[in-house]
Amino acid sequence: MQTNRRNFLSAAALGAGMVSFERLAEAAMTHDHGDAGAGGFGRNAVALPDGVAVAYHDPKDVAAMQDFKFSLDGNNPKVTSGGWAKEATVHQFPISKGIAGVHMYLNPGASRELHWHAIAAEWAFVIEGECQTVVLDPSGASEINNFKPGDLWYFAKGHGHAIQCIGDKPCHFILSFDNGAFSEHGTFSITDWVDLTPKDLLAKEFGIPKDVFDVFPKGEVYIQSGPILTPSEALEAPWPKESTHKFSLLTNNRAVRELEGGSFRLATIDEFPASKTMSGGLMVLKPGEMRRLHWNVNANEWHYYLRGKGQVAMFGSGGRGKVAEFNPGDVAYIPMGFGHAIRNVGDTDLEIVQTWDSGAFEEIDLDRWISSSPSYLLGNNFAGVPASSIAKLKKA
């Protein structure tokens, strides 16, 4: 360690490598770093003079805390004949390494064509309208489900699927993927594949003349317009309940979680067994209310702000902390283990779609941690704070 770079006071060697305790004490008054080797080695460790009361964090010791806010709906949409999609990946939103997100809009009669994702699973929350999904897994089994606002779906990585709008109203939804590098604009789409495959191979595959493929689309369709699919035509073919790709978040009582000042509905692998790598739900906070300080033990957290005005305060260790405000269309990303709180700073309900890149949901609340810790330990941690104040912390 280069002590002159950190403005440490150098200590003169005494005798056979002994450190000047006077100078160490002087250095400790202004900085939390001692000289190299101070304190001894192995079993020969020794006490050092008291250092600073509050540790100093040199900004060079840790990377700067990245911005954790991005305007998903302020991003450029990919627009085709049947609708559009906007995305937030690690390429536009560098902190978002574990989760990518998409807002997709299908016009009546439109479909998001048959496709699959090679590097990510897909989780969805339907905002408005109705749609139908078709999914095929490696066993050859397929499922067809119809969705309404508040419903979720989950497709495992690599499983083929498609989405179609139902009825005469548009449908839009939030998609979340368990890989921040995933781009919705680079999926494995059926029209792209057929267009790039030699026609003689297609003819052999399907047992039809190769000139049949002359009228197929030249390139990727992505979202295609088409005739309206009426609700009566949208037939379902669901799988057994324990393995279905659909979960009704707003009507399934198993999703209800306790939350002071609002409501929280969450589907983990326990409630939604198909959702093996992701958890997600909807949080609603009343004006002035707060999701209290906590951290996620095993997953990154991603927000999409549906309604209202929110504020997130994030703690990133090493003297790093940031506060940001969020409006509809914004997304937030909280890395695993980073402490945070969410507050409604508007005058309407705050609605947030939240996802985590783990099927199991694990978090620890700051107030519970404090209440379970001995008063003498807290008194030591918060030196100088009156015992009465410590007691109030424990009762909070």
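Preceding this paragraph is the structure being described.
Bear in mind the structure is a predicted one, so any value in this text is a computation, not a measurement. (Residues numbered from 1 in each chain as written. Predicted model: local features only at pLDDT ≥ 70, side-chain atom pairs only at ≥ 80, totals over all residues. Heavy atoms only, no water.)

> Got a minute to help me understand the overall build of the protein in this structure?
Helix and strand counts for the protein stand at six helices and 27 strands. Overall size of the protein, expressed as C-alpha extent along the three principal axes, is 95 × 50 × 35 Å. Classification of the 396 residues of the protein by burial places 42% in the buried group. Long-range contacts, defined as pairs at least 24 residues apart, comprise 74% of the intrachain contacts of the protein with a sequence gap of at least 6. Accessible surface computed for the protein: about 20400 Å², of which carbon and sulfur atoms make up 56%. (Helix = DSSP H or I, 4+ residues; strand = E, 2+ residues; numbered from the N terminus. Buried < 20%, exposed > 50% of the residue type's maximum accessible area, 1.4 Å probe, protein only. Contact = heavy atoms within 4.5 Å. Areas by Shrake-Rupley, 256 points an atom, 1.4 Å probe, with all protein chains shown as cover.)

> Would you explain the environment of Ser-183 in this entry?
Position of Ser-183 among the secondary structure elements: in the loop between strand S13 (171–177) and strand S14 (188–189). Judged by its relative accessible area of 21%, Ser-183 is partly exposed. With 81 residues separating them along the chain, Ser-183 and Val-102 place their C-alpha atoms 8.8 Å apart. Setting aside chain neighbours within four positions, we find Ser-183 in contact with Glu-87 and Thr-89. Separated by 3.0 Å, the side chains of Ser-183 and Glu-87 make a polar contact. (Polar contact = N/O pair within 3.5 Å; in protein donor to acceptor, adjacent residues only side chain to side chain.)

> What's the story with the packing of aromatic side chains in this structure? I'm lost.
By convention here, two paired aromatic rings are described through the distance between centres and the angle between planes. Under the criterion given, the structure shown has 17 aromatic pairs. A ring pair is formed by Trp-116 and Phe-188, whose centres lie 5.1 Å apart and whose planes are at 20°; its orientation type is stacked. With Trp-116 in strand S7 (residues 111–116) and Phe-188 in strand S14, this residue pair connects regions lying 72 residues apart in the sequence. For the ring pair Trp-153 and Phe-173, a centre distance of 5.1 Å and an interplane angle of 65° mean the geometry is edge-to-face. Residue Trp-153 is found in strand S11 (residues 151–155), and its partner Phe-173 is found in strand S13; the two are separated by 20 residues along the sequence. For the pair Trp-153 and Phe-173, one class covers both residues: buried. Within the aromatic cluster, the residues linked to one another by ring pairs are Phe-147, Trp-153, Phe-155 and Phe-173. (Phe/Tyr/Trp six-rings, centres within 6.5 Å; stacked < 30°, edge-to-face > 60°.)

> What is the right way to read the side chain of Glu-87 from this model?
Summarising the element assignment, Glu-87 is placed in strand S5 (residues 83–88). The side chain of Glu-87 sits in the buried core without any salt bridge; Lys-78 is the nearest counter-charge, 8.3 Å away. Non-local contacts of Glu-87, meaning those with residues more than four positions away in its chain, are made with Phe-70, Leu-72, Asn-75, Gln-92, Gly-101, Val-102, Ser-183, Glu-184 and His-185. (Lys, Arg positive; Asp, Glu negative; His and termini not counted. Salt bridge = Lys/Arg side-chain N within 4 Å of Asp/Glu carboxyl O.)

> Whenever I open this one, the sheet that holds strand S8 (residues 122–128) confuses me. Can you help?
Within a sheet, each strand pairs with its neighbour through backbone hydrogen bonds, oriented either parallel or antiparallel. What the seven strands build is an open sheet, ordered S4-S5-S6-S13-S8-S11-S16; its pairing is antiparallel. Strands with a single pairing partner mark the edges of an open sheet, and in this sheet they are strand S4 (78–80) and strand S16 (246–248). Neighbouring strand axes in the sheet, compared pairwise and without regard to direction, differ in orientation by 20° on average. Relative to S16, S11 runs antiparallel, the two sharing three bridges. Of the residues in S16, the one forming a bridge with Asp-151 is Ser-248. (Pairing = 2+ DSSP bridges. Axes fitted to C-alpha atoms, helices over the stretch in contact; angles between N-to-C directions.)

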